[in-house]
Amino acid sequence: MVELTESDIAMLTDTNFATFVTMNPDGSPHATITWVDSADGLVLVNTAEGRVKHRNCAANPRVAITVMRNGDAYNWISITGTVAGFETGLSHRYDGHGYSYTPGQVREILKIRPKRIIRYKD
C-alpha cells in the first residue's frame with residue numbers, strides 16, 4: 001500500500017468531485033462522478049447497495065479514482081487500489097445537509113486501499 005500525502009488528503013477531503021472507475025462483469029469500464037473522502041489512509045467513495053458501483057466492487061475490488069482540485073485539469077491525483085470494505089454514511093460536506101435517500105435504500109462507503117498514486121500539479 002502507498003501512503004496518501006497531506007496534499008492528497010486535502011484534495012480528497014475538500015468538496016472536489018471524483019471520477020470513479022470499476023470493472024463491469026464483461027471487462028468494460030464503468031465510470032461515474034461521485035463524492036470522495038479520506039480516513040485512516042484510505043479513500044472513501046459514496047454509493048448505495050445494489051448500484052452498479054457496489055455490484056462491480058463486490059465482484060472485482062480493483063478500482064481507479066481521479067480527483068481534480070476545483071475542476072482544474074492541471075491539478076489532479078489519480079489513485080488505483082482495491083476496495084477493502086463497505087460502510088455507511090457521507091454527504092453533508094457536499095450539500096450542507098444530510099443526504100435524503102430513497103426510502104429503503106442503504107447508502108454505503110467503499111473503503112479503498114491505495115496501491116498507486118499519480119500526482120499532477122502545475
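Everything numeric here is computed off the predicted structure, so don't read it as measured data. Along every chain, residues carry numbers that run from 1 in the direction the sequence is written. Only residues with pLDDT of at least 70 are given local features in this predicted model, and only at 80 or more are side-chain atom pairs given and counted; all residues enter the totals for whole chains, interfaces and linings. Side-chain figures throughout are based on the complete set of non-hydrogen atoms in the structure, without hydrogens or water.

A. Structural detail: the overall build of the protein. Looking only at helices and strands, one finds three helices and six strands in the protein. In the protein, the succession of α and β elements from N to C terminus is α-β-β-β-α-β-β-α-β. Sorting the 122 residues of the protein into buried and exposed places 41% on the buried side. Contact between two residues is taken to exist if any of their heavy atoms lie within 4.5 Å; hydrogens are not considered. Within the protein, residue pairs in contact and separated by at least 24 positions form 67% of the contacts whose partners lie at least 6 positions apart. To be clear on the numbers: accessible area is Shrake-Rupley with a 1.4 Å probe, and residue cover counts the displayed protein chains and nothing else. Working note: accessible area of the protein is about 6,600 Å², and carbon and sulfur atoms make up 53% of it. Elements are defined by DSSP. Helices are runs of H or I of four residues or more, strands are runs of E of two residues or more, and each kind is numbered from the N terminus. Exposure is judged per residue with a 1.4 Å probe applied to protein chains only, and the accessible area is read against the type maximum: over 50% gives exposed, under 20% gives buried, and values in between give partly exposed.

B. Summary view of the packing of aromatic side chains. Centre distance within 6.5 Å is the pairing criterion for rings of Phe, Tyr and Trp, where only the six-membered ring of Trp is used; planes under 30 degrees apart are then read as stacked, over 60 as edge-to-face, and the remainder as tilted. Counted under the stated rule, the structure contains two aromatic pairs. With a centroid separation of 6.5 Å and an interplanar angle of 50°, the aromatic rings of Tyr74 and Tyr120 are classed as tilted. Pair noted here: Tyr74 is in the loop between β4 (62-68) and β5 (75-87) and Tyr120 is in strand β6 (residues 107-121), with a separation of 46 residues, a long-range link. On the basis of relative accessibility, which here comes to 37%, the residue Tyr120 falls in the partly exposed class. Both rings, one in Trp76 and one in Tyr120, keep their centres 5.8 Å apart while their planes meet at 15°; by these two values the pair is stacked. Residue Trp76 is located in strand β5, and its partner Tyr120 is located in strand β6; the two are separated by 44 residues in the primary sequence.

C. Quick look at the environment of His30. You can see His30 is positioned in strand β2 (residues 29-39). Counting along the chain gives 23 residues from His30 to Lys53, while the straight-line C-alpha distance between them is 7.8 Å. Those residues in contact with His30 that lie beyond four places of it in its chain are Phe20, Val21, Thr22, Asn24, Val52, Lys53 and Asn56.

D. Focus on helix α2 (residues 52-59). For α2, every residue scored as buried is listed here: Lys53, His54, Asn56 and Cys57. On the buried face of α2, the contacting elements are β1 (17-23), β2, β3 (42-48), β4, β5 and β6.

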